[in-house]
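The lines below spell out each chain.
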Amino acid sequence: MSMKRVVALLGVLALTLVACTGDEATTTPAETAATSAGEVATTVAEVTVATPPTGGTLARVQNRGALRCGVGDSAIGFAEPQEDGSYNGFDADFCRAVAAAIFGDADAVEFVGTTSAERFTVLAAGGVDVLFRTTTWTQSRDTELGGDFGPTTFYDGQRIMGKAELGFTDASTVADVDGARVCANAGTTTEKNITEGARVAGAEIELVTTEGTPEAMELFRGGSCDLITSDGSRLFGERFSAVANGEISEGEWIIFPRSPISKEPLGPMYRQNDSQWADIINWTVYALVIADEKGITSANIDEMVADPPDPEAGRLLGVGEDELQTKMGLPADAFAQAIRAVGNYDEIHVRNLGPLGITRAGSINARWTEGGLIYAPPAR
Ligand SMILES: N[C@@H](CCC(=O)N[C@@H](CS)C(=O)NCC(=O)O)C(=O)O
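Small disclaimer: the values here were computed from a predicted structure and weren't measured. (Residues numbered from 1 in each chain as written. Predicted model: local features only at pLDDT ≥ 70, side-chain atom pairs only at ≥ 80, totals over all residues.)

### Observations regarding the overall build of the chain
When helices and strands are tallied, the chain shows 15 helices and 14 strands. Across the 380 residues of the chain, 50% fall into the buried class. Counting only contacts in the chain whose residues sit at least 6 apart along the sequence, the fraction spanning at least 24 positions is 74%. (Helix = DSSP H or I, 4+ residues; strand = E, 2+ residues; numbered from the N terminus. Buried ≥ 20, exposed ≤ 12 C-beta atoms within 10 Å, placed from the backbone. Contact = placed C-beta atoms within 7 Å.)

What follows is the structure, given as C-alpha cells:
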C-alpha cells in the first residue's frame, strides 16, 4: 500500500469518526474484517476505527447531502477517474442513480476510489455508504465481512491474458500456465481462483500481486509478468483499447480459456443489518432493469411519467397513489429521477461497455426475456 493511499484512507476513516458516530475509537472492526478475510492490507488493519455504523445509512447520507460511493481506483469501463475527482463508468453510473433517487441530483456523489484489498475495510468502517466496485458476491464475503450484497449488475467470469508470441492461443487452458509469472490484483477472488485453478490443473505458477490493475498491466506490457488474470470484462476492455489506440494489433494479446475459470457476479455491497438501505440500493438497481424491460429511457422519461405505459410503470415512476418509493424513505419520483439522470440498465451497459466491444446480446447479461440473467422482481 502506498503512503498516498494510507493517508487518503486515514482521511476517510477520520472523517467517518467525526461525521458518522462520534463514538470512542476503541474497537477495530477493520482488524476483524482483515483477520477473517485475510484479504486486506496490514496497514489498514492497524488503523483504529470507531464502531462501524449499523442502520440509519439513509439518514446519514441525507444529513451529509451526498452519497459516498466506493468505486475502483481505475477500472476501464467501470470506474474511470476524471479530472474533477468524479468517476465515469458502469459502476459509477449506479452510484449516480442512487444519488439521483435520494436527492434528485445525480451529482450528489462523493466518489471514493478504493483498491481491491482495502474496499471491505473502508466499507466496514463507514468510509463509504455502498461499494459499486467490480465486487464479486461470495459466501465468505457475505458471511465474514459484515456486509450484504445487492442484485448482480454484471455477470462476469475470470479469464487469463497472454501474448501470442509466447505461444498462447484461444485454445490454451489453465494447464498451459505452468511455469508462468502471473499478475493479479491483491485482495481479490482473482488471486484465489488462479492459485486454486493452477493447482487443480497441475500447473505451477509464480503469482505476482499488485495494488491495482494499471500496475498489473504495466508488468504484463513490460514482460515482467507472462500473464495477467482478472475479471474477463477487464481483460477484454484493456485489449480492445490497446488495439483501438494502436498499441498492439489484433491477435497479439490472447484471452483464454474459452470458458471463464470462475463465476464473478459483480454488484453492490453495503453494511449488513440496514434493511431500509438495502431496499434503496436493491430497488434502484431493479428499477433500472424494469425500465429496460418496459422501454423507459432517459430520452422518453417525461412522456412515460405523463402517460405511463402500464400500472407497474406508473408505480415505479411515482405516478398515482400506489407508488412504493415513499414507503422506503425516498421521494415518490426517485426512480424517475434515476432513469432521467443515467438511463435504464441497457443505456448504462451500452454507454460504458459498448465502446469496449462488450455487448449484451447472446451474453448472460442480456435481458431474461432474451436468454440472459438480467431480471428484476415486480414493482408491486
Ligand atoms: N471481482 C473480483 C476482482 C475485483 C478487481 O480487483 N477487479 C479489477 C479489475 S475490473 C479492478 O477493480 N481493477 C481496478 C483497480 O485496480 O483500480 C473481486 O471482487 O475480487
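Having seen the structure, we can now continue with the description.
### Examining the pairing of strand E1 (residues 67-72)
The buried fraction of E1 is high, at 6 of 6 residues. In the sheet, E1 pairs with strand E4 (residues 109-114) via 6 bridges, with the strands oriented parallel. Bridge pairing in E4 links glycine 70 to valine 112. (Pairing = 2+ DSSP bridges.)

### Some details on the site of the ligand
Around the ligand sit 20 residues in total, of which Gly72, Asp73, Ser116, Thr188 and Gly212 are the nearest. Mapped onto the shell around the ligand, the elements with two or more residues apiece are helix H8 (189-201), strand E11 (227-231) and strand E13 (264-266). Each of domain 1 (54-156 + 263-380) and domain 2 (158-258) gives at least three residues to the shell around the ligand. (Near = placed C-beta within 6 Å. Domains from an automatic or database assignment.)

### Topic: the nonpolar core
Core analysis: the largest hydrophobic core is formed by 97 residues, its most contacted members being Cys69, Cys95, Val98, Ala101, Val182, Leu288 and Ala338. Per-domain counts for this core show at least three residues from each of domain 1 (54-156 + 263-380) and domain 2 (158-258). Excluding anything up to four places from it in sequence, alanine 338 contacts Ala97, Ala100, Ala101, Thr284, Ala287 and Leu288. (Core = buried A, V, L, I, M, F, W, Y, C linked by C-beta atoms within 7 Å.)

### A closer look at the pairing of strand E8 (residues 158-163)
Judged by how many residues are buried, E8 sits mostly within the fold: 5 of 6 residues are covered. Where E8 lies against E11, 5 bridges are found, and the strand directions are antiparallel. What sits directly across from glutamine 158, in E11, is aspartate 231. Sheet topology places E8 next to strand E12 (residues 253-256); 4 bridges connect them, and they run antiparallel. Paired with isoleucine 160 across the two strands is phenylalanine 256, which belongs to E12.

### Re the sheet that holds strand E9 (residues 181-185)
Read from one edge to the other, the open sheet built from 5 strands follows the order E10-E9-E11-E8-E12, with strand pairing classed as mixed. Each of the sheet's edge strands pairs with one partner strand only, and the pair in question is strand E10 (206-210) and E12. Neighbour-to-neighbour, the strand axes of the sheet open up by a mean angle of 30°, direction not taken into account. The strands touched by H8 are E8, E9, E10 and E11; relative to E9, the strand with the most contacts, the crossing angle is about 150°. Sitting on the sheet, helix H9 (residues 213-222) is in contact with E9, E10 and E11, with an inclination near 165° to E9. (Axes fitted to C-alpha atoms, helices over the stretch in contact; angles between N-to-C directions.)

### Comments concerning the packing of helix H5 (residues 90-103) against helix H11 (residues 275-294)
Here H5 crosses H11 at 105°, and the two axes come no closer than 10 Å. As summarised for this structure, H5 and H11 are arranged roughly perpendicular, according to the angle between their axes. Every residue of H11 that contacts H5 at Phe94, Ala97, Val98 and Ala101 is listed here: Ile280, Ile281, Thr284, Val285 and Leu288. Of the residues assigned to the contact of H5 with H11, the class counts are 8 nonpolar, 1 polar and no charged. (Parallel < 35°, antiparallel > 145°, perpendicular 65-115°, else oblique. Nonpolar A, V, L, I, M, F, W, Y, C, P; charged D, E, K, R; others polar.)

### Brief notes about helix H15 (residues 345-353)
Of all the positions in H15, only Tyr345, Asp346, Ile348, His349, Asn352 and Leu353 are classed as buried. For H15, the angular spread of the buried residues around the axis is 165°, confining them to a single face. Against the buried residues of H15 lie H5, H11 and helix H14 (334-342). (Arc of directions from axis to C-beta.)

### Here's the deal with H8
For H8, which comprises 13 residues, the first-to-last C-alpha distance of 18 Å matches the rise-based estimate of 18 Å (1.5 Å per residue) to within 8%. Phi turns positive one or two residues past the end of H8, at glycine 202, with a value near 75°. (Expected span 1.5 Å × (residues − 1).)

### Observations concerning the environment of glutamate 347
Structurally, glutamate 347 is set in helix H15. Beyond its immediate stretch of four places on either side in the chain, glutamate 347 contacts Thr297 and Ser298.

### Observations concerning unusual backbone geometry
For residues besides glycine, phi is generally negative; the peptide bonds are generally trans as well. Between phenylalanine 256 and proline 257 the backbone carries a cis peptide bond, its omega angle lying at -10°. For proline 257, the location among the structural elements is in the loop between E12 and E13. For asparagine 273, which is not glycine, the phi dihedral falls at a positive 65°. With respect to the secondary-structure elements, asparagine 273 resides in the loop between strand E14 (269-271) and H11. Residue classification places asparagine 273 among the exposed positions, given that 11 C-beta atoms sit within 10 Å.

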